[in-house]
Amino acid sequence: MTDERVMSEAEAAGLPIDVETISAAVDLVLRMSLSTSKRVDIDTRVGQLTGFLNLLKGQCLGEDEDQDVLRLLGMVDRHLALSSRPTGRSQAHEAFNYMHDAAVFARALLSAYTKMNGITAP
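Reading the values: rules and limits
One numbering rule holds for all chains: residues counted from 1, following each sequence as written. Where totals are concerned, whole chains, interfaces and linings use all residues; where local detail is concerned, this predicted model gives features only for residues with pLDDT of at least 70, and gives and counts side-chain atom pairs only at 80 or more. For side-chain calculations, the full set of non-hydrogen atoms in the structure is used, while hydrogens and water are omitted. Under the scheme used here, helices are H or I runs from DSSP no shorter than 4 residues and strands are E runs no shorter than 2 residues, and both carry numbers assigned from the N terminus. Expected helix span is computed as 1.5 Å times (number of residues minus one). We call a residue buried when its accessible area falls under 20% of the maximum for its residue type, exposed when it is over 50%, and partly exposed in between, using a 1.4 Å probe and counting protein chains only. The arc refers to the directions leading from the helix axis to the C-beta atoms. The contact definition used throughout considers only heavy atoms, calling two residues in contact when any of these lie within 4.5 Å. Here, a salt bridge means any Lys or Arg side-chain nitrogen found within 4 Å of an Asp or Glu carboxyl oxygen.

(A) How the structure looks around helix α2 (residues 19-31). For α2, spanning 13 residues, the distance from its first C-alpha to its last is 18 Å, which sits close to the expected 18 Å at 1.5 Å a residue. The complete set of buried residues in α2 reads V19, I22, S23, A25, V26 and V29. Angular distribution of buried residues about the axis of α2 spans 165 degrees; they occupy a single face of the element. Among the exposed residues of α2, those oriented more than 90 degrees off its buried face are E20 and R31. Lining the buried residues of α2 we find α3 (39-60) and α5 (92-117).

Structure representation (structure tokens):
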């Protein structure tokens, strides 16, 4: 018998963030160009960034006293809404723009996270 249990939201929020990995992924996306990017690469990066945004969002929710972070979280929520995400029918430039915006939001949330936790970002 294995010890498989579901992790609570509080436990998940307590997990450390890999600042270097997220920062490297964001930098890679921000260096991408629409003219040289394949749609499959864009879709892969969108999935990765969406995961990072959700992870960072969970870590920054406790900052209810910081109005800038609250405003940023609201913008991220609107960006992550299913109705805002690109689909298979979306044009490549729409998916690319969504990916780029997700990277900008991830960079901003990562900055808020590192500032809150006294971490030096790479």
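Here the narrative resumes, following the displayed structure.
(B) How the structure looks around the pattern of salt bridges. Tallied over the entire structure, the rule returns four salt bridges. Between R107 and D27 there is a salt bridge, and its shortest N-O distance comes to 2.3 Å. On the criterion of sequence distance, the pair formed by R107 in helix α5 and D27 in helix α2 is long-range, its members being 80 residues apart. A salt bridge links D77 to K57; the shortest N-O distance between them is 2.7 Å. Placement of the pair is D77 in helix α4 (residues 67-80) and K57 in helix α3, with a sequence separation of 20 residues. Take D77: its relative accessible area is 39%, and that puts it in the partly exposed class.

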